[in-house]
Amino acid sequence: MIFILIFIFGLLLGSFLNVVIIRIPKEQSIAFPPSHCTSCNATLKWYHNIPVFSWLFLRGKCAFCKSKISMIYPIIEILSAALFTIVFYTSGLSLSSFFLASMFLILLALSVIDFKYKMVPDSLNLLALVLALAASQSFSLLITNFKNALIFAGGFTLLRFALSYLLTSSAKIKAKKRWTTWNKNYHTYPYVEALGEADIIVVSTIAAVLGVGLTLFAIFLSAVLALPVMLFFINKPVQDNKIPFIPFLATALLITYLFHLPIYHYLVGLYA
Ligand SMILES: [Zn+2]
């Protein structure tokens, strides 16, 4: 019974998450104005705002202008409800589970925004990290989780610095060969960024939840998940080449979190 209530609560939060996903990238307020149709701007009635059911009832169309409402809205509501139920089911009924489930919801929003807009709002990214730390079950665990987050934030910043240096210097060499005398002193050198700053914060959020060993596994898993997508896009034109990485990191975190016991035993078995 309690899980039905948690599921419904998750649906409502998912409905709010849709507002966050639409408005945060446009730098609009998430509280005002009230929910409206993105095509005709008509303010929605309360019964147009019931998660999933309103979408089904209206058959995916706006009640006023009949323009199509994307299926992504009910999907996000169902995913939010599922995440909330799964986290409370696996981690027990506690405040810590609430923070953890909320962190997964924020990562869901970040994944969708990264995918749709190819950008990552810092506000949500930091909120996910704060929620991950808030989910610590004691003060000493909070210190440990914070240390783990710092290790990965620092390690990846160093990695990014080194990779960007290597890529930039090879780009410089290529550019020098290509330049003719008249534009030689005209252009500034290209700078190639290896890793997104936002990805580093997501990795340190993962470290705050999973600890060092499982985070390394999750990062490896995210790369494995991304590989088929990367291979698909490898021959596409350059502008399509930017693949959002946060959806893969978030999915890898969820899988590692759900199956942390078998994964942990497998990893320990490898080195035993
Ligand atoms: Zn409308």
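Look up a bit, the structure's there.
Everything numeric in this text was worked out from a predicted model, so none of it was measured. All residue numbers refer to positions counted from 1 along the written sequence of the respective chain. In keeping with the predicted nature of the model, local features appear solely for residues at pLDDT of at least 70, side-chain atom pairs appear and are counted solely at 80 or more, and the whole-chain, interface and lining totals rest on all residues.

### Observations concerning the overall build of the protein chain
Then, in step 1: Helix and strand definitions here come from DSSP, where helices need a minimum of 4 consecutive H or I residues and strands a minimum of 2 consecutive E residues; each element is numbered from the N-terminal end. In terms of regular secondary structure, the protein chain is built from 10 helices and zero strands.
Then, in step 2: What you see in the protein chain, going N to C, is helices and strands ordered as α-α-α-α-α-α-α-α-α-α.
Then, in step 3: Across its three principal axes, the protein chain shows a C-alpha extent of roughly 70 × 55 × 30 Å.
Then, in step 4: As a rule, residues whose C-beta atom has 12 or fewer other C-beta atoms within 10 Å are exposed, those with 20 or more are buried, and those in between are partly exposed; C-beta atoms are placed from the backbone. Looking at the 272 residues of the protein chain, the share that counts as buried comes to 29%.

### Some thoughts on the nonpolar core
Then, in step 1: By definition, a nonpolar core groups buried Ala, Val, Leu, Ile, Met, Phe, Trp, Tyr and Cys residues that are joined through C-beta atoms within 7 Å. Core analysis: the largest hydrophobic core is formed by 55 residues, its most contacted members being Met103, Phe104, Leu108, Ala109, Ala132, Ile206 and Leu249.
Then, in step 2: The dominant element in this core, judged by the number of residues it contributes, is helix 4 (residues 95-117), at 12 residues.

### Quick word on helix 8 (residues 212-233)
Then, in step 1: Taking 1.5 Å per residue as the helical rise, helix 8 with its 22 residues ought to reach 32 Å, and the 31 Å between its terminal C-alpha atoms agrees with that figure.
Then, in step 2: Its maximal kink placed at Leu227, helix 8 deviates by approximately 35°, while the proline Pro228 follows within four residues.
Then, in step 3: All of the buried residues along helix 8 are Leu214, Thr215, Ala218, Ile219 and Ser222. Multiplying one less than the number of residues by 1.5 Å gives the expected span of a helix. Two axes enter the bend calculation: one fitted to the seven residues ending at the residue in question, the other to the seven starting there, and the bend is the angle between them.

### Some points on the packing of helix 8 against helix 10 (residues 260-271)
Helix-helix packing is characterised by the crossing angle of the two axes and by the distance between the axes.
Then, in step 1: Close contact between helix 8 and helix 10 brings their axes to 11 Å; oriented N to C, the two are set at 100°. In terms of orientation, helix 8 and helix 10 fall into the roughly perpendicular class. Contacts between helix 8 and helix 10 involve Gly213, Leu214 and Phe217 from the former and His260, Ile263, Tyr264 and Leu267 from the latter.
Then, in step 2: Gly falls in the polar group here, along with every residue not listed as nonpolar (Ala, Val, Leu, Ile, Met, Phe, Trp, Tyr, Cys, Pro) or charged (Asp, Glu, Lys, Arg). Class assignment of the residues belonging to the contact of helix 8 with helix 10 gives a composition of five nonpolar, two polar and no charged. Here an axis means a line fitted to C-alpha atoms, over the contact stretch when the element is a helix, while the angle between two N-to-C directions is reported on a 0 to 180 degree scale. By the definition adopted for this analysis, an angle is roughly parallel if under 35 degrees, roughly antiparallel if over 145, roughly perpendicular if from 65 to 115, and oblique otherwise. We call two residues in contact when their backbone-placed C-beta atoms lie within 7 Å.

### Some points on the packing of helix 4 against helix 5 (residues 122-134)
Then, in step 1: Close contact between helix 4 and helix 5 brings their axes to 8 Å; oriented N to C, the two are set at 160°. The orientation of helix 4 with respect to helix 5, classified from their angle, is roughly antiparallel. Crossing of helix 4 over helix 5 shows left-handed handedness. Contact with helix 4, carried on its side by Phe99, Ser102, Met103, Ile106, Leu107, Ala109 and Leu110, involves Leu124, Asn125, Leu127, Ala128, Leu131, Ala132 and Ala134 of helix 5 and no other residues of that element.
Then, in step 2: The class makeup of the residues in the contact of helix 4 with helix 5 is 12 nonpolar, two polar and no charged. Left-handed describes a crossing whose near helix is turned anticlockwise from the far helix through less than a right angle; right-handed describes the clockwise counterpart.

### Focus on unusual backbone geometry
Then, in step 1: Phe32 connects to Pro33 through a cis peptide bond whose omega is -5°.
Then, in step 2: Positionally, Pro33 belongs in the loop between helix 1 (2-23) and helix 2 (53-57).
Then, in step 3: Phi is positive for Asn41, which is not a glycine, with a value near 65°.
Then, in step 4: The residue Asn41 is located in the loop between helix 1 and helix 2 in this model.
Then, in step 5: The exposure class assigned to Asn41 is exposed, which follows from the 10 C-beta atoms found within 10 Å.
Then, in step 6: Despite not being glycine, Val52 has its phi angle at roughly 60°, a positive value.
Then, in step 7: One can find Val52 in the loop between helix 1 and helix 2.
Then, in step 8: With 16 C-beta atoms counted inside 10 Å, the residue Val52 sits in the partly exposed group.

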